[in-house]
Structures are given as C-alpha cells and as structure tokens.
Amino acid sequence: MMAGFDVEKIRKKFPILLRQVGGKGLIYLDNTATSQTPVSVVDEIDYLYENTKANVHRGVHTLSQEATDRQEHTRRRVQGWINARSFEEIIFTRGTTEAINLVASSFGDRFKDGDEIILTVMEHHANIVPWQLLQRHKNIKLRVVDINDRGELDLEQYRSLFTPHTVLASFTHISNVLGTVNPVKEMTEIAHSHGVPVLIDGAQASPHLRPDVQDIGCDFYVFSSHKMYGPTGVGVLYGRKELLESMPPYQGGGEMIKHVSFEHTTFADLPFKFEAGTPDFIGIAAFAKAIDFIEETGIDNIRLHEEELLHYTTEKLLEIPGIKIYGTAPDKAAVISFNIGEAHNYDVGFLLDKMGVAVRTGHHCAQPLMERLGVPGTVRASFAAYNTFDEADRFIEALKRVAPMLM
Ligand code: PMP
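Residues numbered from 1 in each chain as written. Predicted model: local features only at pLDDT ≥ 70, side-chain atom pairs only at ≥ 80, totals over all residues. Heavy atoms only, no water.

## Some details on the overall build of the protein
A count of helical and extended segments in the protein gives 14 helices and 17 strands. In terms of overall dimensions, the protein has C-alpha extents of about 70 × 55 × 35 Å along its principal axes. Expressed as a percentage of the 407 residues in the protein, the buried residues total 56%. Intrachain contacts of the protein at a sequence separation of at least 6 include 71% that bridge at least 24 residues. Element-wise, carbon and sulfur atoms account for 51% of the exposed surface of the protein, whose accessible area totals about 17300 Å². If the 41 positive side-chain charges of the protein are averaged to one point and the 54 negative ones to another, these points end up 2 Å apart. (Helix = DSSP H or I, 4+ residues; strand = E, 2+ residues; numbered from the N terminus. Buried < 20%, exposed > 50% of the residue type's maximum accessible area, 1.4 Å probe, protein only. Contact = heavy atoms within 4.5 Å. Areas by Shrake-Rupley, 256 points an atom, 1.4 Å probe, with all protein chains shown as cover. Lys, Arg positive; Asp, Glu negative; His and termini not counted. Charge placed at Lys NZ, Arg CZ, Asp CG, Glu CD.)

## Observations regarding the site of the ligand
Neighbouring residues of the ligand: 13 residues in total, closest Thr97, Asp201, Gln204, Ser224 and Lys227. A distance of 2.6 Å separates an oxygen atom of the ligand from a polar side-chain atom of Thr97. Contacts to the ligand include Lys227, whose side-chain N or O atom sits 2.8 Å from a nitrogen atom. Out of a free accessible area of 400 Å², the ligand has 85% covered by protein chains. Split into classes, the residues belonging to the shell around the ligand amount to 2 nonpolar, 9 polar and 2 charged. (Near = heavy atom within 4 Å. Polar contact = N/O pair within 3.5 Å; in protein donor to acceptor, adjacent residues only side chain to side chain. Nonpolar A, V, L, I, M, F, W, Y, C, P; charged D, E, K, R; others polar.)

## Here we look at the sheet that holds strand 8 (residues 198–201)
Reading across the sheet, the 7 strands line up as 4-10-9-8-7-5-6 and stay open at both edges, with mixed pairing between neighbours. With partners counted over all chains shown, the strands left at the sheet margins are strand 4 (90–93) and strand 6 (141–145), one partner each. Between one strand axis and the next, the sheet turns by 20° as a mean value, whatever way the strands run. With 4 bridges connecting them, strand 7 (residues 166–172) and strand 8 associate as parallel partners. Residue pairing for strand 8: Phe171 is matched across the bridge by Ile200. (Pairing = 2+ DSSP bridges. Axes fitted to C-alpha atoms, helices over the stretch in contact; angles between N-to-C directions.)

## A short note on helix 3 (residues 62–82)
Compared with the 30 Å implied by 1.5 Å per residue over 21 residues, the 30 Å span of helix 3 between its first and last C-alpha is a close match. The secondary structure elements touched by the buried residues of helix 3 are strand 4, helix 8 (213–216), strand 9 (220–224), strand 10 (235–239), helix 10 (281–297) and helix 11 (299–317). Where helix 3 terminates, the next one or two residues include Asn83, which has phi positive at roughly 60°. (Expected span 1.5 Å × (residues − 1).)

## Points about the nonpolar core
Formed by 70 residues in total, the largest nonpolar core has its most connected members in Tyr158, Ala169, Tyr221, Tyr229 and Phe287. In terms of residue count, the dominant contributor to this core is helix 10 (7 residues). Composition of this core by domain shows at least three residues from each of domain 1 (7–30 + 298–406) and domain 2 (42–295). Setting aside residues up to four positions removed in sequence, Ala169 forms contacts with Ile118, Tyr158, Phe162, Ala191, Val196, Pro197, Val198 and Leu199. Core analysis: the second largest hydrophobic core is formed by 28 residues, Ile27, Leu29, Leu309 and Ala403 among them. (Core = buried A, V, L, I, M, F, W, Y, C linked by side-chain atoms within 4.5 Å. Domains from an automatic or database assignment.)

## Concerning the sheet that holds strand 17 (residues 378–382)
Pairing is antiparallel across the open sheet formed by 4 strands, whose spatial order is 13-14-17-16. Single-partner strands in this sheet number two, and they are strand 13 (323–326) and strand 16 (360–362). When the angles between neighbouring strand axes are averaged without regard to direction, this sheet yields 30°. Both strand 13 and strand 14 (residues 335–340) contribute to a ladder of 4 bridges, which runs antiparallel. Residue Lys324 lies in a different strand from strand 14, and its bridge partner there is Asn339. Strand contacts of helix 11: strand 13 and strand 14, with the helix running at about 10° to strand 14, the strand carrying the most contacts.

## Comments concerning the domain arrangement of the protein
Along its sequence, the protein is organised into domain 1 (7–30 + 298–406) and domain 2 (42–295). Between domain 1 and domain 2, the C-alpha centre-to-centre distance is 28 Å. Taken together, the contact between domain 1 and domain 2 spans 33 residues of the former and 29 residues of the latter. Of the roughly 2500 Å² buried at the junction of domain 1 and domain 2 (both faces included), carbon and sulfur atoms supply 62%. Among the residues of domain 1 in contact with domain 2, Ile299, Leu369 and Arg372 are the three that bury the most area, contributing 24% of the side total. Where domain 1 touches domain 2, the interface holds 1 salt bridge. Connecting domain 1 to domain 2 are 16 residue pairs in polar contact (both at pLDDT 80 or more). For the side of domain 1 that touches domain 2, the secondary-structure elements that each account for two or more residues are helix 11, strand 14 and helix 13 (367–373). Within the side of domain 1 that touches domain 2, the residues separate by chemical class into 19 nonpolar, 7 polar and 7 charged. (Buried area = accessible area lost by both parts, 1.4 Å probe. Salt bridge = Lys/Arg side-chain N within 4 Å of Asp/Glu carboxyl O.)

Structure below.
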C-alpha cells in the first residue's frame, strides 16, 4: 500500500460509496464507464443553482457576470491542466463523443473522395462512427491498426499505413477495454513526419494522467468530465488554434456569432465559434472542482494507487480456473477485462451485482475489438482513486463464488 495515500480520507469525500446494493456495501468497479463525484463538486452545483444561475456571456447583470466568470475560470483551469497555449484552444462540448463529432464534421469538411483516415482496432465507437458518417457523402477510406497478443498496437503496421492520401490519424490514448496506454507522443511524431494531423481520444487517459498537449504535440485532444470525478454533460475539445481557426462552425445558433442578418452572418472568435447555444455552464463551472480534487489528491498518487490495485487484483484473478484476461501490456491502466471459461459475461456481472459488486459487461462500445478478440463481450473491472485492496479482495471472493455456478 502506498505510503501517504489515505484512501479512507478520499472515500469520505464520496457519499455514494456508503450505498448498499443487494444488502451489501457497494463495491464500485465501473469507473471506466463513469467515476463517482466528490461532495466538493456536488456542493458547487448546488451552490450555483441556488445562488448564481444566469445565462453566460449575455447579460450585464451581476448574476450573469458571475456565471460567466465561473465558466471561464474552468476554461483557464483546463488550459493549465493540459498545458494548452491559449484559452482559445479549449472548446466545451457535451463530452468526448460530441468533441469527436465536432472535429469529424468541421475538420472533416475539407476531406475529399479517396482521402484516408488511420484508426486502430481498439477504438471506442465514438472514434469510429463519426468518421463513418462522413462516408455518406464522401468516399473516405478507414485504415485500421491491429494489436498484438498483449493488446499493444502494431507500430510497424501503423507506420506502413500512411500514404499521400492520409488526412488524419485518430487513436485512443488508453483503451477502455484492454487498458493499454498507447505511445501517443511517438505516434504523433510519426503522423507529423508525414504531414498528417492527429486526434487523440483522451476519455480514458484523463482520469489517470495529466496529458500535456504541447509535449505530445497532438492537434486535437478530447475528453469527458464525468470520467474525471466531474459532472455529466461536459467535455473538452482541445484543438491547435491555427487548425480551429481554419475550421467552419459545427453548429449554428446563439453565442457563436458576431453579427447575424438574413443575408450574411459573421462568426464569433475562438473558442465561442464552436459553442453554439446555452452550454451546461453550471456543469462546466463545477468541473473546476473536479480538477481541484484530482490536483489535491495528486494525479501521480492516483495513478500509482490504481497500478497497485491493478497488479494485486490481476494476480488474484489468475488463481481462478478458466480465467482469461484481455490486455496484458506492461504499460496498462487499471482496467481488467476478462471472461471465465464459457460463462457469459452478462451472467457473471448479474451475479456479482447481487453481491454488491458493480462491474461492466458486454462489448464496451468496442465491437470491432470484440470481434478481433473473438468474443461477444467481456466482464470489466476498473479502478479509481477511492477503491481499496479490501474491495479487490471482496470482488475476488465474490467471483470465486460465482464462477462454479456458471461452469
Ligand atoms: N472514448 C473512449 C475510449 C471511452 O471510453 C468513452 C466512454 N466510454 C468515450 C470515448 C465516449 O465518452 P462519452 O460517452 O463521455 O462521450
């Protein structure tokens, strides 16, 4: 156990962890889908609804200015957190999914018939389907990087997929199924050596590490607040300013214009050009508190704690007869996907729930990866800052009881 990391103190910040499920204390191991939210964030949302609810960037009145200040405070907080050059490079969206759709629609506007996009076989549907939607109007090819037996990307194949027609490489930083941490800096350098821009799906990385977008050198980086102990309905698109400036708006409406007439409309400057309509300004404001929580706890402490849980739990899991773990890369986040013998993942998850253990089951929005692994789905346990070794033990005990029932 890591010295100086007081997990019990952290747990006190998350009242939901006191819940009972099936008459047992909840063991929440579905953090990859969404993580729980500390009281500081919930209190902030309450406070804002009770005291400063007013629309942003619209009014001269005090409440509107306070609401605007808080939203813009979060923008600067995010800018600092990911080391973006300017606040103009931080666009608020509804989440990772909307951020990728924004890039596909707006940056994808310039793609032509015959252009090629490089993806990987481990992508979440959010980084597959938006590119396929472009294929309705343009004959764009998707070229897909495979994985090896450990669940690592085949970098040689990645290098070989670039052609003069490649217009984008878009890949996940961390796999939501395999846990693999991809060498995103190296992959970005390879893409840039071919003059190809890069989008990184940081949905699974942002809860476990601090992405430095300038160091990585990527052109777009996207992530969701709700996986980072923050509110739902808020996400971030980081984009390099020159690229964002060259892109047309994604949606039209209020907030994103300078002047509107029926003959001609001019658009607002960055970042507002991409933020049409009323944003979830209360969620955005409260997201800053989630970043505060991560910073106070220490992102490196969180990562180390989760790694210890990952190694501890993996070793114990391997004692269970018939277990198969998918994703064994040495550089791996605290996500364990597995199956036991012929047992259906859904049955395992259902029985675990009866014992108070929340895990994910199914294809995890990564059906091409499931096909590649040759399974319809997996059971997935994933850890966050507040999980304990005792919970890992109780999860394993529950699994040892469940396994024989299904074999
Ligand atoms: N990409 C990855 C790798 C994910 O794990 C997820 C969420 N499961 C998403 C994208 C989509 O995130 P959201 O639903 O918050 O838009």
